[in-house]
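# Close look at the chain arrangement
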Amino acid sequence: MQRTNLLLLWITVTFCLHQTRGDKTFGAIFDDGMLLLEAAFNVALKAASADPDNPFVASVIQTSPGDILEAEEAMCKLLENNVFGVFGPTKRGSLEQIQSMADFLEIPHIITEPVESQNRNWSVVNMFPHHIAYSQIFADLIELQGWTEFTIIYDGAELLPFLDNIFNMQDIDSEDKILMNIVQLPDGEDFRSQLKFIKKSGSVNYLINCRTEKLPLLLTQAQQVGIMSDDHSYIIMNPDFQTIDIDPYKHGGSSIIGIRMFDSSTEDIQNFITAVNEEVNTLSEGNIETAIEENGLTLDLALLHDAVMLYASAINLMALEEGANVTCDSGDSWGFGSSIVNYVRTIEIDGLTGIVKFDEDGFRSEIEIDVLEAMTYGLEKVGEWTLEDGFTETATDVEPAEKEGSISMKGKHFLVLTALSAPYGMLRESSKKLEGNERYEGFGIELIEELAKMNEFNYTFEIQADGVYGSYNKKTGKWNGMMEKIMDGRADFAITDLTITAARQKAVDFTSPFMNLGITILYKKPTKEPPNLFSFISPFSSGVWGWLAGAFVGVSVLLFILGRVAPEEWQNPYPCIEEPETLDNQFTLANSFWFTLGSVLTQGSEIAPIAVSTRMAGSMWWFFTLIMVSSYTANLAAFLTVESKFYAIKSVNDLANNPYGLTYGAKDGGATFSFFKESDNLLYQKMYKYMDEHKELQTATNDEGLERVKSDSENYAFLMESTSIEYMVERNCDVAQVGGLLDSKGYGIAMQKNSPYRQPMSESILQLQEEGKLTRMKDKWWKEKRGGGACADDDAGGGEAQPLVLANVGGVFIVLAAGSGLAVLCAFVEMLFDVWMISHKLKISFRDELVAELKFILSFSGDTKPVRHREPTGSGSGSSKKTAGKEAEGTDSPDLEDCEDRAPTPRSERSTHSHHTLHSRRQSNAVQMARMRKYSIRSGK
């Protein structure tokens, strides 16, 4: 049974080996994680498989980059699969190991790396152009550019052979000698020290040969140290120049020239990119959807495709069916290996990188190269290069020229000064190490970014380390800080919270202000005010209380007068007596005040107006009290619920008077301090004198002023720009802006006097203002970034309650006054009508009756009025007869008890009446007693 199993196993292995030997297997060794190379290898094999029944298959082994032992083991494993040849690897150490093994075993070895090709490596087929031909490209370009001096910047000693023809340029017997410097880039990612050394050397032309991953970083740092401007030129030797993003460098003004071996926009390249992306997606099990962007195909992938196509063509033309039948342990070599290599070097194909063919020495020298130049609108093909013809210029469509006389910033590089002053310029918070302009953020940083996009220029930021913006020293006659650097030309622009002043405007030019502001006061937030015992009077201002008191007195007196004028207000005090000798009036002066007071306090009184005029006046007063009481109640609720706050200062006048032991100051040497110094306002001069005498109250920075304001140990106020205060108040809830603006000024971007860039920069700032971008940027950096908005709801209560002033309730006073006037008119009409009726009835003079009535009204002689026109009350009189007749008829006869109830009790205060009045009352009482006796006899009692 055991022998049977062994036999079956042997048959199975033999069959599998036979099948494997029948396959056309291409081996490949790639670094770990190089899915792109493996995907490109697989795609190329599928395209090269002409026979679907016997296709080319891939046997790929991934090894650690540069690991020689793993590479050797991978080579041995591939040989077990009878491969036709080996592709890769890419790292120099493992690549050299595979070369030596392939040379010994006579296994064709196909590579795509830029390594020096030598004849001793006869088994190697290198698809990369020969280093002699490659260096000749750039020697011709240097000569074409007319460089008499340049600096070679390279990365790694393995790239030095690709500079052979460039080094030989110094040996040319010519009158014009070429000055050549050579700088090798260090390991790591910081090349600034080398670039600064190059800058100090005075060199302005640079030939760069470095790996693709280092190239963008090198260009960025060159921009940062200031060697990418109109005066500088670059030639890039990296063949993947077209794959990097040139947007950050295309506006710098430098001439940047590179090459390419294929055009990414062609249909064949785009189809290959799509196929590789699909293969990567398959290999990564969907974790990577897009590995190569539209213009991101690198030369090594294109060369690998061409290498597979070339080698597969040779295998097909040679009609080979079996691969190498050698192993690492056998010590034998493959007999067909040298034949395949020689045959490969004799054929040619049209690949992605152009015509692939080799010279008589087995090197790829006959290549066609496109020469590219970085323009403001992108990369532009400016010529072609071949080994036979050299450089040939091609016609290109160029952008329209600038209008005559216009000043363009396009393609230029500028050095921009800024300061670490939040929120205008700040260090970016990041867990990664940032370089160059990426280190900074803020309002000013973003503003320069927007201006650079609009005007198509490039820039590098430099921090003003000492934070000095610039002030004029009258003794030395010189400026310091940012102003000095701008004036000396050491910087092109300066942007921060730099105030435009008359003195600075004389020294430098400013753009239109990108922000308007003024000086104001930073102080502690007001504290809670202790309750006031008389806070109930707060709902009305003192003026309203005065008008209310005046209305109360005026309406009370008016009712008293109307009561005397209106006839209907004089009533019979004894209803049982039809012809009284006197009439009473309820609107005495005391009763009038009591009536109005009861209405104000919503309690009312027993006094009710009878005449139309008094009712009208009373109605107007009731309406007036309704509105006033309602307004008082509503505002009182607000005063009881809203916190009252104590303001130590409310304006700069309070600050100058120094209440409560306040001290104040400003930033020493800043624009705020200069404002008080130069002002001719007496108040501001007083404040400047105070600050000048108390140097200890001045601060070095605004942040120091903020800390002194917040400190509990001193009662300090700080004077500074309103925009800076707004920023601080958003993040420090215990401070606030106090008072209004003392002046009006703006922040601008400073540049040299008579700078040609002032107009385009100013126009761009105005455009940003019109589009609302500056407002959005301010909201972003003031209220959103870096803790902004923390105190946005701190005063959500809407502020303190305010007492009502006359303007709030003046309308109701007008209504009261109009109603009172109408009541007075109505009262006089009533009086005149009553006088006319009496004069007409009794046939007396209207004038005499009116004069008598007015004399009584104006005499103010009490609340009783004698009846001047009355019939005699003796026996036989009309009155007695009328009364007797009524009694006989039994109609209109008052009930005795009712009369008793309604008969008023004599009051002691009426003892002051005249003797005639007292005698009349006694007579009336006698008449009343007689009637009572008659009533008793008639009723039988």
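Residues numbered from 1 in each chain as written. Predicted model: local features only at pLDDT ≥ 70, side-chain atom pairs only at ≥ 80, totals over all residues. Heavy atoms only, no water.

Turning our attention to the overall build of the chain. In terms of regular secondary structure, the chain is built from 29 helices and 35 strands. Sorting the 941 residues of the chain into buried and exposed places 44% on the buried side. Looking at the chain alone, contacts between residues at least 24 apart form 71% of all its contacts between residues at least 6 apart. Counting every atom, the chain has about 48,100 Å² of accessible surface; 53% of that belongs to carbon and sulfur. (Helix = DSSP H or I, 4+ residues; strand = E, 2+ residues; numbered from the N terminus. Buried < 20%, exposed > 50% of the residue type's maximum accessible area, 1.4 Å probe, protein only. Contact = heavy atoms within 4.5 Å. Areas by Shrake-Rupley, 256 points an atom, 1.4 Å probe, with all protein chains shown as cover.)

By volume, the largest pocket amounts to about 1,100 Å³. Lining of the largest pocket is provided by 37 residues; of these, Glu-113, Arg-211, Thr-212, Glu-213 and Asp-300 occupy positions nearest its centre. Breaking the lining of the largest pocket down by element, the ones donating at least two residues are α2 (35-48), α4 (92-105) and α10 (299-318). In terms of residue count, α10 provides more of the lining of the largest pocket than any other element does, four residues in total. (1 Å grid on protein atoms, 1.4 Å probe; cavity = no way out; pocket = protein on both sides within 12 Å on 5 of 7 lines; lining within 4 Å. Points joined across faces, edges and corners; volume = space filled by probe spheres on them.)

Moving on, we come to helix α16 (residues 589-600). Residue pairs spaced three or four apart in an α-helix point in one direction, given the helix's 3.6 residues per turn. Taking 1.5 Å as the rise per residue, α16 with twelve residues should run 16 Å; its terminal C-alpha atoms sit 17 Å apart, in good agreement. Just beyond α16, the residue with positive phi is Thr-602, at close to 55°. (Expected span 1.5 Å × (residues − 1).)

Close approach of charged atoms allows side chains of opposite charge to pair. Evaluation of the coordinates by the stated rule reveals 27 salt bridges. Ionic pairing is found between Arg-192 and Glu-435, a salt bridge with its closest N-O pair at 2.6 Å. Taken together, the residues Arg-192 in helix α7 (residues 192-201) and Glu-435 in the loop between β17 (426-427) and β18 (440-441) connect sequence positions 243 residues apart. Assigned by exposure class, Arg-192 and Glu-435 land together as buried. With its nearest N and O atoms 3.9 Å apart, the salt bridge here joins Arg-490 to Glu-484. (Salt bridge = Lys/Arg side-chain N within 4 Å of Asp/Glu carboxyl O.)

Looking at the chain as a whole, the pLDDT averages 80, with 80% of positions reaching at least 70. Contacts for the low-pLDDT stretch residues 1-21, under 50 throughout, to residues beyond four places or in other chains number five contacts. Here residues 930-941 is a poorly scored stretch, pLDDT under 50, and it has ten contacts once near neighbours within four places are set aside; other chains count. (pLDDT = per-residue confidence, 0-100.)

For the structure shown, the criterion picks out three cavities of 30 Å³ or more. Its boundaries defined by the atoms lining it, the largest cavity holds a volume of some 80 Å³. Taken together, Phe-30, Leu-37, Phe-87, Gly-88, Pro-89, Thr-90, Ile-110, Ile-111, Thr-112, Glu-113 and Leu-304 make up the full set of residues lining the largest cavity. Among the residues making up the lining of the largest cavity, the classes are represented as seven nonpolar, three polar and one charged. (Nonpolar A, V, L, I, M, F, W, Y, C, P; charged D, E, K, R; others polar.)

This part covers the nonpolar core. Judged by nonpolar contacts, the single largest core of 89 residues is most densely connected at Phe-26, Phe-87, Ile-107, Phe-138, Ile-166 and Leu-207. In terms of residue count, α10 provides more of this core than any other element does, twelve residues in total. Setting aside anything within four residues of it in sequence, one finds Leu-207 in contact with Phe-138, Ile-142, Trp-147, Phe-150, Thr-151, Ile-152, Ile-153, Leu-163, Ile-166, Ile-235 and Met-237. Core analysis: the next-biggest nonpolar cluster, separate from the first, contains 33 residues, Ile-519, Phe-676, Tyr-688 and Ile-725 among them. (Core = buried A, V, L, I, M, F, W, Y, C linked by side-chain atoms within 4.5 Å.)

A separate point is the sheet that holds strand β14 (residues 378-386). Strand order in the open sheet formed by eight strands is β7-β6-β8-β9-β10-β13-β14-β15, with mixed pairing between adjacent strands. In the strand order of this sheet, the two ends are held by β7 (179-184) and β15 (390-393), each with one partner. The mean angle between the axes of side-by-side strands here comes to 25°, regardless of whether they run parallel or antiparallel. Bridging between strand β9 (residues 233-236) and strand β10 (residues 255-260) involves three bridges; their strand directions are parallel. Each residue of the ladder has a partner; that of Tyr-234, found in β10, is Ile-256. Along the sheet, helix α5 (residues 131-145) makes contact with β6 (149-154), β8 (205-209), β9, β10, β13 (368-375), β14 and β15, crossing β10 at roughly 150°. Of the strands in this sheet, β6, β8 and β9 touch helix α8 (residues 215-225), which is tilted by about 175° from β9. (Pairing = 2+ DSSP bridges. Axes fitted to C-alpha atoms, helices over the stretch in contact; angles between N-to-C directions.)

Taken together, the side chains of Lys-196, Lys-199, Lys-200 and Arg-439 present a region of like positive charge at the surface. Relative to the helices and strands, Lys-200 is located in helix α7. (Patch = residues over 30% accessible without salt bridge, like charges linked within 9 Å, V, L, I, M, F, W, Y side chains within 5 Å. Lys, Arg positive; Asp, Glu negative; His and termini not counted. Charge placed at Lys NZ, Arg CZ, Asp CG, Glu CD.)

With that out of the way, let us pick up the packing of helix α22 (residues 722-731) against helix α24 (residues 773-784). α24 packs onto α22 with a crossing angle of 45° between their chain directions and a minimal axis gap of 8 Å. The pairing of α22 with α24 is recorded here as oblique in orientation. Contact residues: Thr-723, Glu-726, Tyr-727, Glu-730 and Arg-731 in α22; Lys-778, Trp-781, Trp-782 and Lys-783 in α24. In terms of residue class, the contact of α22 with α24 is built from three nonpolar, one polar and five charged. (Parallel < 35°, antiparallel > 145°, perpendicular 65-115°, else oblique.)

Turning to unusual backbone geometry, a few remarks are in order. Residue Pro-89 follows Gly-88 across a cis peptide bond; omega there is -5°. The residue Pro-89 is located in the loop between β3 (86-87) and α4 in this model. Note that the residue after Ala-422, namely Pro-423, is joined by a cis bond; omega there is 0°. Positive phi outside glycine occurs at Asn-82, with the angle close to 55°. Among the structural elements, Asn-82 can be located in the loop between α3 (68-79) and β3.

With respect to the secondary-structure elements, Ser-49 resides in the loop between α2 and β2 (56-63). Between the alpha carbons of Ser-49 and Ala-312 there is a distance of 7.9 Å; along the sequence they are 263 residues apart.

Next up on the list: the sheet that holds strand β1 (residues 24-31). The five strands lie next to each other as β2-β1-β3-β4-β5, forming an open sheet whose pairing is parallel. Each end of this open sheet is capped by a strand with a single partner; those strands are β2 and β5 (124-126). Where β1 meets β2, eight bridges bridge the pair, whose relative direction is parallel. Its bridge partner lying in β2, Ile-29 is registered against Ile-61. Across the sheet, α3 is in contact with β1, β2 and β3; its angle to β2 comes to roughly 160°. α10 contacts β1, β2, β3 and β4 (109-111) of the sheet and is inclined by roughly 155° relative to β1.

Further remarks concern the side chain of Asn-458. Assignment of secondary structure puts Asn-458 in strand β19 (residues 458-463). Among residues more than four places away in sequence, those in contact with Asn-458 are Gln-223, Pro-248, Tyr-249, His-251, Gly-252, Lys-412, His-413 and Phe-414.

Relative to the helices and strands, Val-276 is located in helix α9 (residues 267-283). The spacing of Val-276 and Leu-36 is 240 residues in sequence and 7.2 Å in space, taken between C-alpha atoms. Residues contacting Val-276, with those up to four places away along its chain left out, are Leu-36, Ala-39, Ala-40, Val-43 and Ile-292.

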